[in-house]
Protein chains: 2
Amino acid sequence: MRETWVVGAASNRFGKMKDSGREAATRVALAALRSSGLAPKDIGYTFVSNCFGIAEHQAHVGPLINGGLGIPDVPSCTIESACSSSSAGLHEAFVHVAGGFVDAALVIGSEKLSHLDTLAATSYFAIAADYPFETKNGATFPGLYATLATAYQATFPTRPEMLGAVAIKNHANAARNPHAHFQKEITMGTYLHSPIIASPLRLYDCCPFSDGAAAVVVAAKEFVKSPVSEPLVIRASARAGSITEMQDRPDLLGLPATRTAAAKAFRQAHLEPKDIDFLEVHDCFTIAEVLALEDLGFFPQGTAAPAALEGVTARDGRLPVNPSGGLKAKGHPVSATGASQVVEIFEQFNGRAPGREVPRTETALAHNVGATGGSCSVHIFSRR
Amino acid sequence: MRETWVVGAASNRFGKMKDSGREAATRVALAALRSSGLAPKDIGYTFVSNCFGIAEHQAHVGPLINGGLGIPDVPSCTIESACSSSSAGLHEAFVHVAGGFVDAALVIGSEKLSHLDTLAATSYFAIAADYPFETKNGATFPGLYATLATAYQATFPTRPEMLGAVAIKNHANAARNPHAHFQKEITMGTYLHSPIIASPLRLYDCCPFSDGAAAVVVAAKEFVKSPVSEPLVIRASARAGSITEMQDRPDLLGLPATRTAAAKAFRQAHLEPKDIDFLEVHDCFTIAEVLALEDLGFFPQGTAAPAALEGVTARDGRLPVNPSGGLKAKGHPVSATGASQVVEIFEQFNGRAPGREVPRTETALAHNVGATGGSCSVHIFSRR
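Every value quoted in this text rests on a predicted model; they were computed, and no experiment measured them.

### With respect to the domain arrangement of chain A
All names here are of chain A. If you check the domain split of chain A, you get domain 1 (4-116 + 210-232) and domain 2 (141-204 + 235-382). Taken over C-alpha atoms, the centre of domain 1 sits 23 Å from the centre of domain 2. Taken together, the 37 residues of domain 1 in the interface contact 35 residues of domain 2. Elements with a contribution of two residues or more to the side of domain 1 that touches domain 2: strand S1 (4-11), helix H3 (85-98), strand S4 (104-111) and strand S7 (212-220). Considering only residue class, the side of domain 1 that touches domain 2 consists of 18 nonpolar, 15 polar and 4 charged.

What follows is the structure in structure tokens.
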């Protein structure tokens with residue numbers, strides 16, 4: 001297996017795009033290529049994620065993007081794994097490059113839903129749940145994650161301020177991230193007075209619908225030789241699934257797919273949680289960040305929520321989590337989210353995160369979940 | 001790179017399914033596993049294609065299928081490349097297995113659209129074209145392929161009976177295929193008297209909308225050791241793209257992506273067209289089969305249409321093409337089509353195609369196109 005690097009990464013500003021999904025995808029791909037020093041002609045495969053392309057009447061978007069990049073002959077496909085789509089695309093890129101099938105690959109995620117009304121957008125999001133058993137019976141993602149939060153609160157003493165601390169931290173980080181949808185801080189008062197969306201989750205526990213696009217360039221060490229940016233060595237690229245329907249799971253105190261993917265990833269990287277300097281994790285709701293940190297093995301069960309309130313996961317804490325602002329405040333353009341986690345790690349490694357630097361950037365982990373954990377991807381990166 | 005085999009394959013009957021897409025996918029996956037002698041627990045990755053899952057309110061279908069197979073922990077993702085989706089999935093499975101990342105993988109394509117009216121189904125199909133430049137201006141696939149047929153007829157002398165011969169041959173083959181949507185022969189009279197859909201294409205030049213599902217099990221030779229069915233050795237798995245918009249192509253006398261993918265595939269397999277015993281090619285319209293045979297290098301330009309009329313491509317001809325009946329008559333459940341081409345080759349290699357056997361089954365080629373050729377996959381198989 002060849003040593004495989006992330007050599008470039010770029011994101012637009014999440015929120016509301018004027019560009020179509022394909023235009024935004026093409027632009028971020030070009031920006032990612034510029035940051036890598038590679039040219040479009042170096043790319044051997046393009047993995048695009050664009051879950052809601054149908055809202056723009058567009059599937060089969062890879063050839064359109066490659067055409068825009070001037071490499072129409074290069075093969076492409078679209079990869080979907082709900083909210084973890086472009087992390088699944090990153091895994092494919094890793095396998096192709098590490099396995100020696102191509103020397104470099106593009107991973108692109110792009111999403112545009114802001115031209116739809118909220119009800120239509122909600123319907124699109126809901127297709128990632130189990131239709132006959134969940135969606136058809138009225139379940140939506142706020143409700144499903146509220147169920148997880150309820151189970152957590154019923155087992156571990158959890159004050160509302162603990163989930164609030166996750167939201168406040170991530171907003172504080174996003175306020176320093178030019179790619180973020182919400183570039184504003186919030187206070188505990190704002191959090192505690194925000195309306196309940198699905199009890200116990202409040203407005204500020206929930207990530208927004210965002211438009212956005214992000215791209216990552218993956219290449220073999222032996223192909224790149226002299227990278228123009230500091231590369232991320234992909235030490236692990238691991239994925240796992242789990243029973244999708246929450247009613248069929250043995251317990252609700254975590255996501256089984258995260259545990260399985262994390263075990264694989266740490267084994268692959270020959271590393272342990274204590275070796276990781278900072279994390280980007282899937283925080284579609286604040287409770288998701290808490291569960292992620294416990295499932296990944298960074299905190300014993302029941303302790304990640306209080307840790308947020310104690311500042312452990314703050315940007316200058318012992319274990320910075322979501323310095324980008326996370327899905328919660330950077331925003332969640334579904335297909336772009338996985339790639340954008342890598343953008344944050346790339347910018348941190350390269351000293352291009354002014355105002356939101358984390359103290360140590362030797363190693364980092366990206367964790368991304370599909371829906372309520374039917375899928376999970378864990379990637380571990382280190383410096384050369 | 002490890003020698004990689006197709007060790008199992010199965011299809012349901014194309015046409016109209018009572019099952020949902022996910023149910024059908026799970027059933028064909030189990031049937032494919034049975035034909036392989038492997039158990040679900042042997043599978044390391046599942047690649048699902050289900051382009052129009054949204055018509056069933058369902059994305060992120062891989063974890064649901066893996067749950068149904070009893071392997072919920074196994075990672076999955078959905079792969080889309082328009083009509084070539086499950087061939088793109090097969091390529092991913094090949095890369096994962098040949099590269100040593102997993103020992104065995106499932107490729108599944110499933111599609112259900114028959115619960116929609118024709119207009120809605122047409123709208124779903126149309127999203128694979130270029131929306132701002134084609135679809136939005138009224139282009140549909142019959143019209144786009146009619147443009148290709150018009151260009152062909154304007155350059156090479158093509159009697160209507162030549163395209164008719166493609167349709168008649170494929171219906172004759174499908175009449176002997178229990179998986180086929182249309183299990184009936186047609187005559188030249190039926191063809192010539194069928195209505196014009198998009199001049200010069202008539203009703204019988206066009207493939208139908210079909211529901212259907214097909215699955216393929218891919219595994220490393222060293223993992224399987226004693227296969228229970230005769231495996232297909234994957235000698236080449238090649239993909240390519242091309243400019244999607246027909247108005248931007250240098251000529252309309254073929255699909256550039258087929259030419260690029262074919263060149264890669266023959267190079268990879270160290271074979272030439274003369275070494276191939278029979279083919280499954282993408283014949284969404286009769287003209288597509290003609291172009292495929294010329295672009296793949298089996299016939300000089302302008303000669304594949306008369307060859308069909310001369311019987312060269314018949315099941316008992318010099319070069320049998322689409323013994324399954326092809327998209328034209330076996331049917332075209334978009335995401336299942338690529339996998340179902342492999343099912344036909346698997347059944348031919350294993351003597352499980354009674355009544356439609358081709359004379360020689362040492363080598364075969366599968367060719368699958370996305371939309372009007374924005375993507376193309378070519379796979380070459382041989383016996384051990």
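Having seen the model, we can carry on.
### Re the packing of helix H5 (residues 141-155) of chain B against helix H10 (residues 286-295) of chain B
All names here are of chain B. Viewed as axis vectors pointing N to C, H5 and H10 meet at an angle of 60 degrees, and their least axial separation amounts to 9 Å. It follows from the interaxial angle that H5 and H10 lie oblique. Viewed along their axes, H5 and H10 form a crossing whose handedness is left-handed. Only Ile287, Ala288, Val290 and Leu291 of H10 make contact with H5, whose side of the interface consists of Tyr145, Leu148, Ala149 and Tyr152. Residue composition of the contact of H5 with H10, grouped by class: 8 nonpolar, no polar and no charged.

### What to know about the nonpolar core
A general feature of soluble globular proteins is that nonpolar side chains tend to end up buried together. Ranked by internal contacts, the top residues of the largest apolar core, which has 262 residues, are A:Val6, A:Ala215, B:Val6 and B:Ala215. A:Val6 has contacts with A:Val216, A:Val217, A:Val218, A:Pro231, A:Leu232, A:Ile234, A:Val342, A:Phe346 and A:Phe381, leaving out every residue within four places of it along the chain.

### Describing helix H2 (residues 62-69) of chain A
Since one α-helical turn is 3.6 residues long, residues separated by three or four positions face the same way. By the criterion of burial, H2(A) is predominantly enclosed, with 7 of the 8 residues buried. Looking at H2(A), one finds that the buried residues are A:Gly62, A:Pro63, A:Leu64, A:Ile65, A:Asn66, A:Gly67 and A:Leu69. Where H2(A) is buried, its residues meet helix H1 (21-36), strand S2 (45-49), strand S3 (76-80) and S4 of chain A together with strand S8 (232-241) and strand S11 (375-382) of chain B. Just past H2(A), the residue A:Gly70 takes up positive phi, approximately 80 degrees.

### Quick notes on the relation of the copies chain A and chain B
It takes a turn of 180 degrees to lay chain A on chain B, together with a shift of 0.0 Å along the axis; the resulting RMSD is 0.0 Å. Here the copies are linked by what is in effect a two-fold axis. Both copies contact each other with a shared surface, as 100% of the interface residues of chain A are interface residues in chain B too.

### Digging into helix H5 (residues 141-155) of chain A
Residue and element names in this part refer to chain A. Taking 1.5 Å per residue as the helical rise, H5 with its 15 residues ought to reach 21 Å, and the 21 Å between its terminal C-alpha atoms agrees with that figure. Listing the buried residues of H5 in full gives Phe141, Leu144, Tyr145, Ala146, Leu148, Ala149 and Tyr152. Tucked inside the fold, the buried residues of H5 contact helix H4 (118-126), strand S5 (196-198), strand S6 (201-202) and helix H10 (286-295).

### Digging into the interface of chain A and chain B
Taken together, the 45 residues of chain A in the interface contact 45 residues of chain B. For the side of chain A that touches chain B, the secondary structure elements donating two or more residues are H2, S3, H3 and strand S8 (232-241) of chain A. Tallied by class, residues from the side of chain A that touches chain B come to 20 nonpolar, 19 polar and 6 charged. Two strands pair when backbone bridges link them, and S3(A) and strand S3 (residues 76-80) of chain B are joined in this way by 3 bridges, in the antiparallel orientation. Bridge pairing in S3(B) places A:Thr78 opposite B:Glu80.

Rules of the game
- Residues numbered from 1 in each chain as written.
- Chains lettered and ligands numbered in written order.
- Predicted model: local features only at pLDDT ≥ 70, side-chain atom pairs only at ≥ 80, totals over all residues.
- Domains from an automatic or database assignment.
- Contact = placed C-beta atoms within 7 Å.
- Helix = DSSP H or I, 4+ residues; strand = E, 2+ residues; numbered from the N terminus.
- Nonpolar A, V, L, I, M, F, W, Y, C, P; charged D, E, K, R; others polar.
- Axes fitted to C-alpha atoms, helices over the stretch in contact; angles between N-to-C directions.
- Parallel < 35°, antiparallel > 145°, perpendicular 65-115°, else oblique.
- Left-handed = near helix turned anticlockwise from the far one by under 90°.
- Core = buried A, V, L, I, M, F, W, Y, C linked by C-beta atoms within 7 Å.
- Buried ≥ 20, exposed ≤ 12 C-beta atoms within 10 Å, placed from the backbone.
- Least-squares fit on C-alpha atoms with pLDDT ≥ 70 in both.
- Expected span 1.5 Å × (residues − 1).
- Pairing = 2+ DSSP bridges.

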